[in-house]
Amino acid sequence: IKFPIKKLDCGSDKINEDMIDLLDAKKHPEIILDFVDLSAPEWKKTGKYFTSTAHAKFDITLAGKTISYFVHLDLVKVSENNIIMKGQKKLSMADFKIKPKTYLFGLVKIKELIEIDFELILTK
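Student: Now, about the pattern of salt bridges: what can you tell me, with residues and values included?
Tutor: Within the structure shown, the criterion is met by one salt bridge. Two residues, K86 and E119, come together in a salt bridge whose shortest N-O distance is 4.0 Å. With K86 in strand β6 (residues 82-92) and E119 in strand β9 (residues 113-123), the pair connects residues that are 33 residues apart, well separated along the chain.

Okay, here's the thing in structure tokens:
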């Protein structure tokens, strides 16, 4: 899955611009999520849908550097052919060799953690 860095929403236009600059979007314009492995879900009936949890291994590429992470997933089977998959992962910019910016001689700092929240619809 490729996500354009220019579509990030960090809460303000200035912070978005800083993040685009930090992630070197001109050279590496996308965040890339590659599914490596997914545990087999055990489905249970919840209301009119089937739900499950699973664990996945993702390779995440940010600013040209790839790191593997394990992620907890929530799954909802909304039809025979469609599954909604939700997950969240916090990443440290330091892991990707990215140094957060500071302002006002270090009095204001950008947080080192990046939180990625995603919701995907998987279709057969």
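Student: Explain the pairing of strand β5 (residues 65-77) to me, and be specific about the residues and the numbers.
Tutor: In this structure, strand β4 (residues 49-62) lies alongside β5, joined through 13 bridges in antiparallel fashion. Bridge pairing in β5 links L62 to K65. In this structure, the hairpin formed by β5 and β6 is closed by a connection of four residues.

Student: Describe the side chain of T51, with residues and values.
Tutor: Among the secondary structure elements, T51 is positioned in strand β4. The class for T51 is buried, based on a relative accessible area of 18%. With residues near it in sequence (within four places) discarded, T51 still touches E42, W43, K44, T46, L75 and V76.

How each quantity is defined
- Residues numbered from 1 in each chain as written.
- Predicted model: local features only at pLDDT ≥ 70, side-chain atom pairs only at ≥ 80, totals over all residues.
- Heavy atoms only, no water.
- Salt bridge = Lys/Arg side-chain N within 4 Å of Asp/Glu carboxyl O.
- Helix = DSSP H or I, 4+ residues; strand = E, 2+ residues; numbered from the N terminus.
- Pairing = 2+ DSSP bridges.
- Buried < 20%, exposed > 50% of the residue type's maximum accessible area, 1.4 Å probe, protein only.
- Contact = heavy atoms within 4.5 Å.

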